[in-house]
Every structure is written in C-alpha cells, then in structure tokens.
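Descriptive structure summary
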Amino acid sequence: MAPAKTIALFPEASYGAALNCVGIAQELRRLGHRPVFICHPGFSGVFAEYGFAEYQLTEADAAPTDWNDFIERHQDAFRQAPFDQLESYVGPTWEAIVDTAMRVEEPLRQLLGRLKPDAIVLDNVVMFPAIANAGVPWIRVVSCAETEIPDENVPPYLSGCGDNERAAWTAFADRYEKTVASAHRRFSAFLAECGLKAPTAPVFLGPSPWLNLLLAPDIIRHDRHAALDPRRFIFLDGCVRHEAPYTPPRFASHNEAPLVLTSFGSLGAMDVAMMKRMIAVFATLPCRFLVNAGHWREEYREVPDNVFIDSWFPQPSVVEQASLFIHHGGNNSFCEALYYGVPSLVMPYCWDGHDNAARAAETGVGRRLGRYDWSDTDLTAAIDGLLGDHEMQARLKANAAKMHKAAGVTRAAEEIVRVMSDASIGAGEASNA
Amino acid sequence: MHGDGRQTRTMTPEPKRTNFRHVELAQKILDVAGERGMAPGERLAEQALASLCNVSRTPIRKALQILAERDLVTADAEGGYLLAIDPVATARLEDTAEGEGEGEIYAAILRDLSAGRIAENQTVAALQRRYDVSRQTVQNALMKLAEENLAERAAGQQWLLKHFAISGDAAAKSYEFRLATEPLALTLPEFKRDMPAITALRQSMLILRGMNETNFDRKLFDRTDYDFHLLIARSCGNPFMAEALTNHHRRRRASPPAGHVNAFRLMQSNIEHIQILEQIERGQMELAADLMRVHIQLSQSQRPRLAGRGVPPAFKLIAR
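Bear in mind that the values here come from a model prediction, so they are computed numbers and not experimental data.

**A look at the overall build of chain A**
A count of helices and strands for chain A gives 13 helices and 13 strands. A compact globule built from 433 residues would reach a C-alpha radius of gyration of about 22 Å, and chain A, at 22 Å, matches this within 12%. With the principal axes as the frame, chain A shows a C-alpha extent of 70 × 50 × 45 Å. Burial status across chain A gives 51% buried among its 433 residues. Once local pairs closer than 6 in sequence are excluded, the contacts in chain A between residues at least 24 apart make up 65%.

**Describing the overall build of chain B**
Within chain B one finds twelve helices and six strands. Buried residues in chain B amount to 37% of all 320 residues. Restricting to contacts in chain B with at least 6 residues of sequence separation, those with at least 24 account for 67%.

**Section: the domain arrangement of chain A**
Residues and elements named next belong to chain A. Along its sequence, chain A is carved into domain 1 (6–241 + 407–432) and domain 2 (259–405). Taking only C-alpha atoms into account, the centre of domain 1 sits 25 Å from that of domain 2. Contacts between the two partners involve 33 residues from domain 1, matched on the other side by 31 residues from domain 2. Every element with two or more residues in the side of domain 1 that touches domain 2 is listed here: helix 1 (15–30), helix 2 (67–77) and helix 3 (82–115). When residues in the side of domain 1 that touches domain 2 are grouped by element, the largest group, four residues, is from helix 1. Classifying every residue of the side of domain 1 that touches domain 2 gives 18 nonpolar, ten polar and five charged.

**Overview of the environment of Val124(B)**
All names here are of chain B. Considering the arrangement of structural elements, one finds Val124 in helix 5 (residues 124–131). When the 17 C-beta atoms within 10 Å are taken as the criterion, Val124 is described as partly exposed. C-alpha of Val124 to C-alpha of Asp227: the two residues are 103 residues apart in sequence and 33 Å apart in space. Not counting the four nearest positions on each side in its chain, Val124 is found in contact with Arg135, Val138, Gln139 and Gln157.

**Side note on the domain arrangement of chain B**
Residue and element names in this part refer to chain B. For chain B, the assigned domains are domain 1 (20–89), domain 2 (96–164) and domain 3 (170–298). The C-alpha-based centres of domain 2 and domain 3 are spaced at 29 Å. On the domain 3 side, the residues contacting the seven residues of domain 2 number seven residues. Within the side of domain 2 that touches domain 3, the residues separate by chemical class into three nonpolar, two polar and two charged.

**Quick notes on the sheet that holds strand 5 (residues 151–153) of chain B**
All names here are of chain B. The strand order across the open sheet formed by three strands is 4-6-5, and the pairing between neighbours is antiparallel. Lying at the two open borders of the sheet, with one neighbouring strand each, are strand 4 (121–123) and strand 5. Direction aside, neighbouring strands of the sheet carry axes that sit 35° apart on average. Alignment of strand 4 against strand 6 (residues 158–161), held across three bridges, turns out to be antiparallel. Across the sheet, Asn121 pairs through a bridge with Leu160, a residue of strand 6.

**Some details on the nonpolar core**
Here is a general trend for soluble globular proteins: nonpolar side chains tend to be buried in one another's company. Counting 161 residues, the largest nonpolar core has Ile24(A), Ala119(A), Ile120(A), Val121(A), Ile139(A), Ile416(A) and Ile109(B) as its most contacted members. Counting residues per element, this core draws most heavily on helix 3 of chain A, at ten residues. Setting aside residues up to four positions removed in sequence, Ile139(A) forms contacts with Ala119(A), Val121(A), Leu122(A), Ser208(A), Trp210(A), Leu211(A), Leu213(A), Ile416(A) and Val419(A). Counting residues in hydrophobic clusters, the runner-up holds 24 residues, among them Met205(B), Leu208(B), Ile280(B) and Ile296(B).

**Comments concerning unusual backbone geometry**
With the exception of glycine, the majority of residues adopt a negative phi angle, and the majority of peptide bonds are in the trans configuration. All names here are of chain A. With omega at 5°, the peptide bond leading from Ala201 into Pro202 counts as cis. Turning to its location among the elements, Pro202 is positioned in the loop between helix 5 (166–193) and strand 6 (211–214). Phi at His254 is positive, roughly 60°, even though this residue is not glycine. With respect to the helices, strands and loops of the structure, His254 is situated in the loop between strand 7 (233–235) and strand 8 (259–263). Despite not being glycine, Ala407 has its phi angle at roughly 45°, a positive value. Tracing the chain through its elements places Ala407 in the loop between helix 12 (390–406) and helix 13 (408–432).

**Focus on the packing of helix 8 (residues 195–209) of chain B against helix 9 (residues 218–235) of chain B**
Packed helices, taken two at a time, are described by the angle their axes make and the gap between the axes. Residues and elements named next belong to chain B. At a minimum axis distance of 10 Å, the contact between helix 8 and helix 9 shows a crossing angle of 150°. Comparing their axes, helix 9 and helix 8 come out roughly antiparallel. Between helix 8 and helix 9 the crossing geometry is left-handed. Every residue of helix 9 that contacts helix 8 at Ala197, Leu201, Ser204, Met205, Ile207 and Leu208 is listed here: Leu220, Phe221, Thr224, Asp227, Phe228 and Leu231. Along the lines of polarity and charge, the residues of the contact of helix 8 with helix 9 split into nine nonpolar, two polar and one charged.

**Some remarks on helix 12 of chain A**
Residues and elements named next belong to chain A. For helix 12, which comprises 17 residues, the first-to-last C-alpha distance of 24 Å matches the rise-based estimate of 24 Å (1.5 Å per residue) to within 8%. Within the sequence span of helix 12, burial applies to Leu396, Asn399, Ala400 and Met403. Viewed along the axis of helix 12, the buried residues span an arc of 115°, placing them on a single side of the element. Among the exposed residues of helix 12, those pointing more than 90 degrees away from its buried face are His390, Glu391, Ala394, Lys397, Ala398, Ala401 and Lys405. Buried-residue contacts for helix 12 involve helix 9 (331–339). Within two residues after helix 12, Ala407 carries a phi angle of roughly 45°, on the positive side.

**What about the sheet that holds strand 4 (residues 119–123) of chain A?**
Residue and element names in this part refer to chain A. In space, the seven strands of this open sheet follow the order 3-2-1-4-5-6-7, with parallel pairing throughout. Two strands lie at the open edges of the sheet, namely strand 3 (53–56) and strand 7, each paired on one side alone. Taken pair by pair, the neighbouring strands of this sheet meet at an average axis angle of 25°, ignoring direction. Sheet strands touched by helix 1: strand 1 (6–11), strand 2 (34–39), strand 4 and strand 5 (138–142). Its angle to strand 1, the strand with the most contacts, is close to 170°. Helix-sheet contacts for helix 3 involve strand 1, strand 2 and strand 3, and the interaxial angle to strand 1 is about 160°.

**With respect to the environment of Gly206(A)**
Residue placement: Gly206(A) occurs in the loop between helix 5 and strand 6. Expressed as a C-alpha distance, the spacing of Gly206(A) and Tyr50(A), which sit 156 residues apart in the sequence, is 30 Å.

Definitions and limits used
Residues numbered from 1 in each chain as written. Chains lettered and ligands numbered in written order. Predicted model: local features only at pLDDT ≥ 70, side-chain atom pairs only at ≥ 80, totals over all residues. Helix = DSSP H or I, 4+ residues; strand = E, 2+ residues; numbered from the N terminus. Rg over C-alpha atoms; globule rule 2.2 N^0.38 Å. Buried ≥ 20, exposed ≤ 12 C-beta atoms within 10 Å, placed from the backbone. Contact = placed C-beta atoms within 7 Å. Domains from an automatic or database assignment. Nonpolar A, V, L, I, M, F, W, Y, C, P; charged D, E, K, R; others polar. Pairing = 2+ DSSP bridges. Axes fitted to C-alpha atoms, helices over the stretch in contact; angles between N-to-C directions. Core = buried A, V, L, I, M, F, W, Y, C linked by C-beta atoms within 7 Å. Parallel < 35°, antiparallel > 145°, perpendicular 65-115°, else oblique. Left-handed = near helix turned anticlockwise from the far one by under 90°. Expected span 1.5 Å × (residues − 1). Arc of directions from axis to C-beta.

Written out as structure tokens, the structure reads:
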C-alpha cells in the first residue's frame, strides 16, 4: 500500500460544511490516510468528536463580540425577501468573510508550513492565498447549492429564483454585484498583495485547477448552458457522513406515528417565538416531532406530548428514520433529506436556503413555505400534503437508492487520493526530467 | 400522556408488574457472577447468592425469574438455574421497560420533566391524572426518584422534581463537579482496591476494545462506564465522599441521556477507563487521578453553540 498521505481539510465555520467534510475525512481515514482539520477561530470541538486532529487558527486582534446586537440585527434580516437581504445580510456577511480571510492568512500560512499536507480540501466560499501558495494540490468542495457555480441557465446565487423566473434574474444579479463590490475590491487588493489574481467580481472563489466536488444530486441538478469539465468537476450525488444509529426518545403520546424532524441549523434556532408558534401547530397533528432548538433548548416549557426538543441531533441517523424533514434549505440538510428519500419542507431564511427552497419545489422533492408567511392552516396543509404524497415519496426512495449507490463520500475520497497521486507522479517526472 | 388509550386502565386492576428492587437484585446477581468469573452453564445456587447479596432466598428466586424471562439464565432440569450468558459481556438490565408499573411511571416522569412537558412542582393527584395510574404507583415512583435525589417532598401535598439535575446545563455542571471530586477520590489515603470487581470490569472493557465504530455495544459501554465510576466512589475510603459520588452517578444513570455522543468518543473513553484501571491496579493513584482529570475533560463536548457564515467566533457552549 502507498504511504499514508496527510490531507488538511479546511471547512468554513458552519455546521453544514464542517459535517460534510467529516464524511469525506471518514472515508479518507478508511482508505488509510491521515485527514486533519483546520478550524476557523472558535469553531473547534466538532471534528475531535469524530476522532480527527483539529488545528485552530488564532486571530491576534479579534474584537470582542456583541452577541445581542448580532442576533437582533439578523433576526430582522431573516424576515426579508432575498432581494432585500442583499443589503441587510449578504453584503455585511461578505465583508465579514473577507475580514476573516485576511485575518487568518498569516496563521494559516504558518500552520500549513507545520502540517506539510499532501493536499488541502477547501470547503469554503472564499479563497485563502495561503492555500493557493502552499505548493500542493487544493481541492474545492462546493457545499452550497449548485447556484454557487454560475451559468447562463442557472438562477443567480442566493436569489431564491426558480428556473421560470428569468425576468427577476438580471435585477438580482445586478444588485448582488453592486452590493458585494466594495468587499470584492478589498479582497482583490488583498489577493494582489499575496501575488494572486482575484476571480472576476462578484466571485470570491474560483474553481480549483485540480478538482472541484459538488454535492448536488442528479434529481435537483440544473441543465447548464456550458457543461462543467467532467475531469475537474465531479458531482457527488450527496456527501453524507456516517453517524451512529439514533434511537428516538419515547414520547408521551403518538409513539407509533410518523417521525418529523425540524431543524433550521444553529443560527435558525434563534427565533424561539417562531419555533414556539410551529410547536403549537405540531401539537395538533398525529405525528412525532423532533425539534432542534440549538442553544435555546431551555427556553421551551409546556412542550406538547408529541414533541421532543433537543439542542443537537445526529442528523443523518435521524433523517434516515423520518417521514418528513422541515429545514431551512441548508445544502447539507437538503442533501441528507434526498440521500434518505425524505421529502423536504423548506422554510428558508438566508443564503442558499432560498435557492434550495425554490429548487425543492420546482423539482418536486418537497415544498417551500415562507418562514414567517404562514398560517396554522398553511403549515398543517404543507405537512399533511407532503406526508400524504405517495408518488413523491416513491420517487424520492428510488432516487435515494441511486444516491446510496453513488457513494458520494467514497467517490470524493478516492478522487482526492487520485489528485495527490497524479501530483506526486507529476513531481517525480519533473525531477527526473 | 393523552389520547394513547391508557385512560381505559383507570378502574381496572393494574397488570402484574416487575418490582424495580427485584430488577436491581437481578443485576446484583449478574455482577456477583462476573466478579466470581462464572461462565455460561454454571449453576447459580440460591443460598450462596442470598448470602452474597445479603438478602433472603425469596427475593433471590424472584430476581432469578426476571433473569430467566430475559434469557440470561435457564431453568435446570434438576431445579434451580444455570447462567446462560457471559456476565462480563452483558449490558445492564433495563428496569424501566414499558408496562412495568412504577418503573414505567418513574421513567415517564423523568422523560417528561427533561422534555419540558411537566413542571417541577407536582402533586401525587396531578401525576395520577396525567399517567392514569393508582396513587400507590405514583407514590412508589416518587419514592424511587427521591432515593436518587431527583425529587423531594415540598410543603403540603407538593413534591419538587429536581429539574436542575436533568436540564440542558446539567451535563456541564456534572462534569465540573466530577472534575473536582473524582481525581480526589482516587488519592484519598484509605482508598481500597476491589480486585475481583476490577478484574471483571477489565474483562468487559477488553471486550469493548475489540469492537469498532459500527459494531460498538453502547449498552455494554454504559454498564462499564457506570460500574467503573461507581467502583471508584465506593472504594475511596471516605464515607462522605463515597456517598456524594455514588448519589451523583446513580442520578446520572437515571437521567435521560443528555445529547448524543459519537461511537468514536465512547471507544476513546473506554481506552481511558482501561488506562485508569491499570494504574489503580498498580497502586499508582496519583497517576490514576491525573488520567481521570484528562478523561473527564476529554469527555466534555466543545461544539460551538452557534455557527454560520459571517457569525463572529468564540460563541461556545460546553455541554454534553
């Protein structure tokens, strides 16, 4: 067997990307290699639980965080339509992302110098010069919706537009470009200082010259005008990590009823009032509901007998047993629902959640419901409708079988190993020349 | 617990149920068998068990019947029972199975308290109404909760259920408490090593060490985890420390699991248990205490409580 290679995985500081990379790392480890994780400041602890070494980047001059302000600000932004969020959320978020990329550059460069990886897996939305300059292949994982890779036939990234809403595409794309222009200028200048050329605005991360891995399974994929080069772009048909089996808790009633998981991610759990409104509706339905309340679990009292609230679930193992998954359209959640053939009720509030909500509805793998724009009857009808749609369920189960067969995490790991092997052969040939 | 059909049982006699004390005794029999290195097929003599467990033969017989119902012992043609399993490879007996009277109500109260379905202040009558069972059943369940420090009598007819012990913060507070006490317990001057118990426990831990992430036996791990920490509590040689730690571990075991722990972490935890046990066996108590400190700290989850694009860092939650 070839000697074990060290692969540094650097996911962005979000659970979706992090856990998606855990799935790939599990497979790399199974193949005999040594995956290690580079963590953004504050985002540690997730990978160690799966038995991977973690290296946290430190920020020398990080300012103290006013959390009340952050939450208040975004609570309001999350109520807006994608177009309005450009100014209130997307613009400031890109500024924050660029700030982080600049702040971690030096610690990242030093860390890569110490780790000496054979390859770097970047699951992020922005380029880090230290990675481009590391002298080893880097692989890009596109954890977001397929819209992150633009195309004439693909709705603009973060727009929440459907295929048949072309009239709105240009207006959104123009406003997006204007909104992120300042962040992009700063980013371009920073890259230039590091001897790199920035991708053309409004893109912050171009494709890897070695390998790009996309999650989007066939059933929701867009019909691109310019096909992606199959040697460099590989669709994984999902990328789901291995989790230990989950035993649902015993409920105080409805123990034989269908299981419904509700999770809006750690950020989406912050609107406790909205969650309580949903739970009041759940209490009236003949199902068991698991609700991810994240950090706010203790805020809930008088929980209905058919509802169980927790701050964390081993999501894939729960989705596997669920009849319906109510989520925010986070790409990882959406792909997990598809991987297990479970319909999605998507209630988006930001970023590519809007894109996935639109895509779920137009490809018939779920429904979209406005996070705030619903009555009790609407929510009930959406849940009942999806639980009763046997045609959709059958189609999803058939698709899930295809996705299992595609074994996305294994494919990803094998392709990464291939890139490393090609690079070392190339290096060997160069030194022999 | 509305609408699940159990209301119809109110006026009818409650079904035959398993007394939780007999289940505890059945577990004790398995523990004794493990510590004595008994193998499948060996005879379990009632009189010997009675004297080893400090009880009369009648409860031993009932406990053996429970073990027989669960196929852990088999009736011998000549009378009595034979061990049917390897006790060190067997998970702890479940004493809260559905339909088992006060055991079920005890578990339901804990589940509902933990899930935020019922308030901390309760009366027997209110619990009777909710669970649709006799006054005696509720009282027995409350007594069992009180024994494990999960409930206490309050003014008048009130009972106070101790939500703090099973709340979201309980796991973090429990680790804090254990970090302050368990390493200390190992270094107390009169710590006494229980070699038969250590040997049996190590057998179970070695079985677990042979498993991998996909076939890891969580229930067997739960048993070794509980037995291991309890062994340290009762061996420490100071009755006050022993009582505090024993109560804490019993309550920890009785509470619904807080959060989900990966098999990988449990496998690591098992290895840490083995390492500590080895140092105890060798009499290297300071080293065992240091390893215990590391073990407890590694067991705490460090996941960020909130994360997302543009979310500032350092918003962390330590809990499990």
